[in-house]
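Here is how the chains run, residue by residue.
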Amino acid sequence: MALPISPNLLVTLTLLLKTKSVSGTALALGVSQPSVSRSLSQLRTALKDPLLVRSGSGMARTQRGEELVERLADWMATTSALLVEDSFDPARVERRFRVATTDFGVMSVLLPAMAALREEAPAVAIDIVPLSHATHRALAEGEIDLAISGLDHDPSQLHRALLFEDEFLCVTRADHPLAESREPIAVETFLAYPHLGLTVSEAELDRVTMTLGPAVAARKVAASLPYFGLAPAMLAAGNLVMVLPSRAAPHFDPAHGLSTRPAPTELGLLQYWLLWHERSHRDPASQWLRERLTGICRDHSPSIIPE
């Protein structure tokens, strides 16, 4: 049974057979000559062959040594190639990315980017999955590749890129009392009417409720839902008030007859982030996707739905 040979010994053997010199190999490896001599002794024992023998003033390869020269050169080339990063070409990449987000993330980030992504990388697929409140764990364990979110997160645990900042709008039916003005709504007036709430992730987090502080006790949420898609019909049916980012407004069908005005300034601005974990930070395909999404958001300017 042959003795196992470590990769380090194989590297030493490759250089010994190439240089046919203990001193030359020691110089190339940056080690002492006695160290190379000990390695040669181990190799002779493991391979049951002298490998190099004295010949005049130098050394010559044995027949076994000659047979190993080309095979070891191929091994070195293959091993080195494993450590060399291939040039990245999105047109040739076949990859499925799992992106966790809400329908607002799809509307505002993925939808504007889709045509360009498909053109540049036709074999790349994106699977959209529900946003979890445990984003860090999902990214760390590889359950998802990216998260697109406006929820608070710990920047010390994740890499992030700011996609955009957005203002909040109040959306109502056109005949709602709040639709009579285009000025920002005072928070007291805002709280005087029943609301359609929007919850995010399975934790059912509501940004308006989270932001209002003590004033939230006066908020009347008549209904809540986890996505924007049915919001126009719900607003119309219940004559309710809903807060949403301005980038969502263009996706509402004008046929619903909705009206918008600036939300209370107390709600601040929405910061929307692209989040990823260290595990994919240097992955060329992930880097490419992140760059495309951030670039699209930087260039995309939303327009408000017509009154």
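Residues numbered from 1 in each chain as written. Predicted model: local features only at pLDDT ≥ 70, side-chain atom pairs only at ≥ 80, totals over all residues. Heavy atoms only, no water.

Caption draft 1: Structural detail: the nonpolar core. One finds F228 and L293 to be the most contacted residues of the largest nonpolar core, which totals 54 residues. The dominant element in this core, judged by the number of residues it contributes, is helix α5 (residues 103–120), at six residues. If near-sequence neighbours (up to four positions away) are discounted, L293 is found in contact with V109, L110, A113, L117, L146, L163 and L274. Core analysis: the second largest hydrophobic core is formed by 16 residues, L47, L51, L52 and L72 among them. (Core = buried A, V, L, I, M, F, W, Y, C linked by side-chain atoms within 4.5 Å. Buried < 20%, exposed > 50% of the residue type's maximum accessible area, 1.4 Å probe, protein only. Helix = DSSP H or I, 4+ residues; strand = E, 2+ residues; numbered from the N terminus. Contact = heavy atoms within 4.5 Å.)

Caption draft 2: How the structure looks around helix α3 (residues 33–47). In this model α3 runs 21 Å from its N-terminal to its C-terminal C-alpha over 15 residues, within 8% of the 21 Å that 1.5 Å per residue would give. Regarding α3, the residues found buried are V36, S39, L40, L43, A46 and L47. Buried positions in α3, seen along its axis, are confined to an arc of 125 degrees and lie on one side of it. Seen from the buried face of α3, the exposed residues on the opposite side, beyond 90 degrees, are R38 and T45. Where α3 terminates, the next one or two residues include K48, which has phi positive at roughly 55 degrees. (Expected span 1.5 Å × (residues − 1). Arc of directions from axis to C-beta.)

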